[in-house]
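Commentary on secondary and tertiary structure
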Amino acid sequence: MLFNRVILQVAAAVVAGPLFQSVAPLQAFDPSVVFDAPAPTRAVVAFLASVVFGGLVIYRYGDRLATAVEASAKSPILSILYGFIAYGLVAFVVIYAYSQLVGLGVGVSLVTFVGAVVLGGALLSLGGLGFVVVGSWLANAAGVRDPWLGLLGVALGAAVAVLLLPVVFGALVWFGVAAVGIGGPVRRWIHADAAERRAEEH
C-alpha cells in the first residue's frame, strides 16, 4: 500500500538524518557490557525481562489483549514492520532528547544514566507488550486461555535463542518476536481515525 511506503520513507528520514548528527554523545554507552556477558547471563536477563515487563502488561492491560492479538494476527509480516518502526521512533526520541540536553550543558554522566534508564525501560516495555501479545496468540491457538502460560512459553523460547545464537542474532530473535506483538496495535492505531484513537486510550 502507498501509505505503508510513505511510513517507511518518513521513518527512515526522521530517524536516519537527525540521529546520525546527534548520536555522538551516546559514545558514553558501552555495548561491550552486553557482548562480553556470558550467554547464560544474557539468556536469564532476556527471560526475566520478558516475564517481568510482560507481566506488568497483563496486570495493567489484560482486558485489552484480545484486541491486540487480533490486530497482530491479522497480518504478521506488517506487524513486524510496524513493530520495528515503533522501536526506531522510540529510540530516536530518547536519543534526540539526550543529545539536546547534553548540548545545553547538562551533566553528561547524569543525562547518560537517565537516558539509559528511560531508553531501556521504553524498549523493554514495548518488548513486554509484544511478548504478551504473541504468547496470548499462540496460547489461544493451542486452546489455552491463560496469557501467563503463553508469555512464559514465548519468553522461554526467546531465551533459548539468546543462549544458543550469537549475540546479534539472539537480539534479533528477541526484538523480532516482540515486534510481531507490538506492530499490530501500532498499525491499527496509525490507521484509526481520531475518535477510534481516543476510544482506545480510555
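Residues numbered from 1 in each chain as written. Predicted model: local features only at pLDDT ≥ 70, side-chain atom pairs only at ≥ 80, totals over all residues. Heavy atoms only, no water.

A word on the overall build of the protein
Of the regular secondary structure elements, the protein holds 9 helices and 0 strands. Mapped in sequence order, the helices and strands of the protein form the string α-α-α-α-α-α-α-α-α. Counting the 202 residues in the protein, one finds 37% classified as buried. Put simply, of all contacts in the protein between residues at least 6 apart along the chain, 82% involve residues at least 24 apart. (Helix = DSSP H or I, 4+ residues; strand = E, 2+ residues; numbered from the N terminus. Buried < 20%, exposed > 50% of the residue type's maximum accessible area, 1.4 Å probe, protein only. Contact = heavy atoms within 4.5 Å.)

Regarding helix α8 (residues 167-191)
If you check α8, its first and last C-alpha atoms are 35 Å apart, about what 25 residues at 1.5 Å a residue would give, namely 36 Å. By the largest-angle criterion, Ile182 marks the main kink of α8, which is about 30 degrees, and a proline, Pro185, follows within four residues. Burial in α8 covers these residues: Val167, Gly170, Trp174, Gly176, Ala178, Ala179, Val180, Gly181, Ile182, Gly183, Gly184 and Arg187. (Expected span 1.5 Å × (residues − 1). Bend = angle between axes of the 7 residues up to and from the residue.)

Here's the deal with the nonpolar core
Counting residues in hydrophobic clusters, the biggest one holds 22 residues, and the most contacted among them are Tyr87, Phe131, Val132, Trp174 and Ile182. Apart from residues no more than four positions distant in its own chain, Trp174 is found in contact with Ala46, Ser50, Tyr87, Leu124, Gly127, Phe131 and Ala158. (Core = buried A, V, L, I, M, F, W, Y, C linked by side-chain atoms within 4.5 Å.)

Brief notes about the packing of aromatic side chains
Per the counting criterion, the structure on display carries 5 aromatic pairs. Look at Tyr87 and Phe175: their rings are 5.1 Å apart centre to centre, the planes differ by 85 degrees, and that puts the pair in the edge-to-face class. Here Tyr87, found in helix α5 (residues 76-103), pairs with Phe175, found in helix α8; they are 88 residues apart in sequence, far enough to count as distant. Residue classification places Tyr87 among the buried positions, given a relative accessible area of 6%. Among the aromatic residues, ring-to-ring pairing joins Phe84, Tyr87, Phe131, Trp174 and Phe175 into one connected group. (Phe/Tyr/Trp six-rings, centres within 6.5 Å; stacked < 30°, edge-to-face > 60°.)

Concerning helix α3 (residues 39-61)
Along its 23 residues, α3 runs 32 Å from first to last C-alpha, staying within 8% of the 33 Å computed at 1.5 Å per residue. The set of residues buried in α3 consists of Arg42, Ala43, Ala46, Ala49, Ser50, Val51, Gly54, Gly55, Val57 and Ile58.

Description of the environment of Val160
Following the sequence through the fold, Val160 ends up in helix α7 (residues 147-164). Look at Val160 and you get partly exposed, because its relative accessible area is 37%. Along the chain, Val160 and Arg42 lie 118 residues apart, while their C-alpha atoms are 10.0 Å from each other.

Considerations on the side chain of Ser79
Tracing the backbone through its elements, the reader meets Ser79 in helix α5. What Ser79 contacts, discounting residues up to four positions off in sequence, is Ala71, Ser72, Ala179, Val180, Gly183 and Gly184.

With respect to the confidence of the model for the protein
For the protein, per-residue confidence averages 78 on the pLDDT scale, and residues scoring 70 or more make up 77% of the total. Mean pLDDT across the secondary structure elements of the protein bottoms out at helix α1 (residues 2-22), with 42, and peaks at α7, with 93. Long-range and interchain partners of residues 1-26, a stretch whose pLDDT sits below 50, account for 33 contacts in this model, where long-range means more than four residues apart. (pLDDT = per-residue confidence, 0-100.)

Thoughts on the packing of α7 against α8
The N-to-C vectors of α7 and α8 enclose an angle of 160 degrees; their axes lie 8 Å apart at closest approach. Considering the angle they form, α7 stands roughly antiparallel to α8. For the crossing formed where α7 meets α8, the hand is right-handed. The residues of α8 that touch α7, namely those facing Val154, Ala158, Ala161 and Val162, are Gly170, Val173, Trp174 and Val177. (Axes fitted to C-alpha atoms, helices over the stretch in contact; angles between N-to-C directions. Parallel < 35°, antiparallel > 145°, perpendicular 65-115°, else oblique. Left-handed = near helix turned anticlockwise from the far one by under 90°.)

Here we look at a nonpolar patch on the surface
A surface patch of nonpolar side chains, about 740 Å² in accessible area, is lined by Leu156, Val160, Leu163, Leu164, Leu165, Val168, Phe169 and Leu172. Those elements giving two or more residues to the nonpolar patch turn out to be α7 and α8. No other element matches the 4 residues that α7 contributes to the nonpolar patch. With respect to the helices and strands, the residue Phe169 is situated in helix α8. (Patch = residues over 30% accessible without salt bridge, like charges linked within 9 Å, V, L, I, M, F, W, Y side chains within 5 Å. Areas by Shrake-Rupley, 256 points an atom, 1.4 Å probe, with all protein chains shown as cover. Salt bridge = Lys/Arg side-chain N within 4 Å of Asp/Glu carboxyl O.)

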